[in-house]
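# Results of the structural survey
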Amino acid sequence: MPDLFETLSNMVIEGGMDDIAVATQQALAEGAKPHEILEQGLLPGMNVVGQRFKAGDMYIPEVLLSARTMSVAMDVLKPLLSESEAAGIGTVVVGTVEGDIHNIGKNLVAMMFEGAGFKVIDLGVDVKPQAFVAAVKEHKPDVLAMSALLTTTMLKMAETVTALCESGLRERVKVMAGGAPVTADFVAKIGGDGYASNAAAAVDKAKALLGK
C-alpha cells in the first residue's frame, strides 16, 4: 500500500492527470480508506509542489497541472469522504474583488488551498463586498481570501473588511489578501489578518493563522 500512496504522490507532482483516477480506484480496491489516500498520497504530493513552486523549481503551468491532477483524484474520493473529512483542515472562501475580473492568480490560490486539504468556496471574480459577507454568513469559513490585480480595486478589500465589521462577522473569520499591487502594509492598514505574495505562501499563511 505505501507504494500505491507514493505512486499517487508522484502522479500529483508530475501532473499525471490521465492516470490518477485509475490509480485512485486501484488504491480503493486494494483496501485503502479514502482519507488515507488523501492524507498519505495526494496531500504529500501537493506539499512537494508547493515547496518547489516557492523555491522557483516549478512554474505556474506545472502547478496548475498538478492541482488539476489532484482535483481528478478528489472527484473519485469526495463521494466517499464524510463531510468532516471532505472539509479537511478548514474552509476558505476565495474571490477577486469588485471591479476586477482577473482570475488566474485567484484560481491558482483556490487550487493550492484545495490541494492542501481545505474545502474551497470560489466566488469567482468581480465580487461585491456584500457578496463576501453573504458567503461568510452562509458557509462559516475559517478564512476569507481576497485577490486584486488592479490598484483601483484594492479599496474594495477595505470595503469588504468594513462590511464584515458592520455585519458582526469580522471576528468569525481570518481575512487574507493578495495580488500584484497588494502589500503586507496595506493588508494591515485595512484590518486584515494576513498577506501572501503567491499561492503557496497563501496556504502557509492560512495554516499559520489557524494554528495548523
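Up top is the structure these notes are about.
Computed from a predicted model, the values in this text were never measured in an experiment.

### Concerning the packing of helix α4 (residues 60-77) against helix α6 (residues 104-115)
- Across the interface, α4 lies against α6 with an axial gap of 9 Å and an inter-helix angle of 45°. By the angle class used here, α4 and α6 are oblique. The interaxial crossing formed by α4 with α6 has left-handed handedness. Contacts between α4 and α6 involve I60, V63, L64, A67, R68, M70 and S71 on the former and, on the latter, L108, M111, M112, E114 and G115.
- Of the residues that constitute the contact of α4 with α6, the class distribution is eight nonpolar, two polar and two charged.

### Some remarks on the sheet that holds strand β5 (residues 194-195)
- Taken together, the five strands give an open sheet; going across it, the order is β2-β1-β3-β4-β5, and neighbouring strands pair in parallel fashion. Sheet topology places β2 (118-122) and β5 at the edges, where each strand pairs with a single neighbour.
- Packing of helix α10 (residues 199-210) onto the sheet brings it into contact with β2, β3 (143-147), β4 (174-178) and β5, and relative to β4 it is tilted by some 160°.

### Remarks on the pairing of β2
- By the bridge criterion, five bridges tie strand β1 (residues 90-96) to β2 in an arrangement that is parallel. Bridge assignment links V93 to a residue of β2, and that residue is I121.
- Chirality of the crossover, the property in question, places the unit of β1, α6 and β2 among those that are right-handed.

What counts as what
Residues numbered from 1 in each chain as written. Predicted model: local features only at pLDDT ≥ 70, side-chain atom pairs only at ≥ 80, totals over all residues. Heavy atoms only, no water. Axes fitted to C-alpha atoms, helices over the stretch in contact; angles between N-to-C directions. Helix = DSSP H or I, 4+ residues; strand = E, 2+ residues; numbered from the N terminus. Parallel < 35°, antiparallel > 145°, perpendicular 65-115°, else oblique. Left-handed = near helix turned anticlockwise from the far one by under 90°. Contact = heavy atoms within 4.5 Å. Nonpolar A, V, L, I, M, F, W, Y, C, P; charged D, E, K, R; others polar. Pairing = 2+ DSSP bridges. Right-handed = clockwise from strand over helix to strand, strands pointing away.

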